[in-house]
Amino acid sequence: MPINNVSVIGAGTMGNGIAHVFAQYGFSVQLIDVNAAQLEKALQTISKNLDRQVAKAAITEEQKAETLARLTTETDIAKGVANADLVVEAATENAELKLNIFRQLDAAAPAHTILASNTSSISITKIAAVTKRPEKVIGMHFMNPVPVMKLVEIINGYATDATVSETIVTLSKTLGKVPCVVNDYPGFIANKILMPMINEAICSLYEGIADVEAIDTIMKLGMAHPMGPLQLADFIGLDVCLSILQVLHDGFGNPKYAPCPLLVNMVTAGKLGVKSGEGFYTYTPGSKELVVSSRFKK
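Parameters and conventions
Residues numbered from 1 in each chain as written. Predicted model: local features only at pLDDT ≥ 70, side-chain atom pairs only at ≥ 80, totals over all residues. Heavy atoms only, no water. UniProt positions renumbered as here; feature names shortened; annotations may be inferred. Helix = DSSP H or I, 4+ residues; strand = E, 2+ residues; numbered from the N terminus. Salt bridge = Lys/Arg side-chain N within 4 Å of Asp/Glu carboxyl O. Buried < 20%, exposed > 50% of the residue type's maximum accessible area, 1.4 Å probe, protein only. Pairing = 2+ DSSP bridges. Axes fitted to C-alpha atoms, helices over the stretch in contact; angles between N-to-C directions.

Caption draft 1: Quick peek at the UniProt feature "domain: 3-hydroxyacyl-CoA dehydrogenase C-terminal" (unreviewed entry) in the protein. In this structure's numbering, the residues bearing the UniProt feature "domain: 3-hydroxyacyl-CoA dehydrogenase C-terminal" (unreviewed entry) are residues 187–283. Taken end to end, residues 187–283 comprises 62% helix and 2% strand; its first and last C-alpha atoms sit 28 Å apart.

Caption draft 2: Region of the structure containing the pattern of salt bridges. For the structure shown, the criterion picks out seven salt bridges. For Asp51, the salt bridge goes to Lys64, with nearest N and O atoms at 2.6 Å. Pair noted here: Asp51 is in helix H2 (residues 36–55) and Lys64 is in helix H3 (residues 61–69), with a separation of 13 residues, a long-range link. Judged by its relative accessible area of 13%, Lys64 is buried. Where Lys275 meets Asp239, a salt bridge forms, and the shortest distance between an N and an O atom there is 3.0 Å. Of this pair, Lys275 sits in the loop between helix H12 (261–268) and strand E9 (281–282) while Asp239 sits in helix H11 (residues 238–252), placing them 36 residues apart in sequence. Judged by relative accessible area, Lys275 falls into the exposed class, the value being 52%. Taken together, the shared-partner salt bridges in this structure form one network comprising Glu89, Glu93 and Lys98.

Caption draft 3: How the structure looks around the sheet that holds strand E4 (residues 86–89). Taking strand neighbours across the sheet as the criterion, the eight strands line up as E3-E2-E1-E4-E5-E6-E7-E8 in an open arrangement whose pairing is mixed. In this open sheet, the two edge strands, each paired with only one partner strand, are strand E3 (71–74) and strand E8 (178–183). In this sheet, neighbouring strand axes are inclined to one another by 25 degrees on average, regardless of whether the strands run parallel or antiparallel. Relative to E8, strand E7 (residues 151–156) is paired through six bridges, and the arrangement is parallel. Looking at the pairing, Ile155 lines up with Val182 of E8.

Next up, the structure:
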């Protein structure tokens, strides 16, 4: 089935990145969010990111204009998905919120429409079960920042049809991405492996084995990671890390996935990383300097 019209639910960091990429590669895109101000902010972000691509000679000014022309916005889900061949949900990583959205999508989207979730850990099978088209529900987990990162983790739910999976794999390649297909178990592959590492780094700090800079420097220089696990946790959002670890812990019932008490306390205190201005590091708008939070300085 050809895919021409794509609707993206959620105009946050992931949603605007996904909309950006689909529009850049020639698809008509409806970006949907209940918050009109968030939609305006998303369009501004997409425009700025396209400007960066122009500055790097990755695209031309004409291609930027064509990309923006393919983007429209909508605050009403039913209107926004009325002509969609594919819907990609990129709302907050909250199971009940996603289930509610998929109930609405199933009722409003055409029968042929594939419904995809950008979830990083929530069961695709569980999401599909609230629809009348579980065979057309799939996971399409993009990495942040979406216009830059090549990977798309494709998650097949228990009932996902093989032709739907093949369609999404081919589509991902069309976007210049590298798709990797996995099965639907808690955390899939990316976060089943990544989150325990991040949690162990937080535990090492909590236990006083090493400080923030030492932990991140060891992983960067010793393991060739582009950024340390504590900085990465800040970038992902400590609340998101906690949520994924809870999904892993609940799903597998294994104590190795239990979130570190320090992570729980930081999220409770509102120290969520980049998005709140402080996590393991502090973040000043416009500054790229990495400064360890005063909470963790010796």
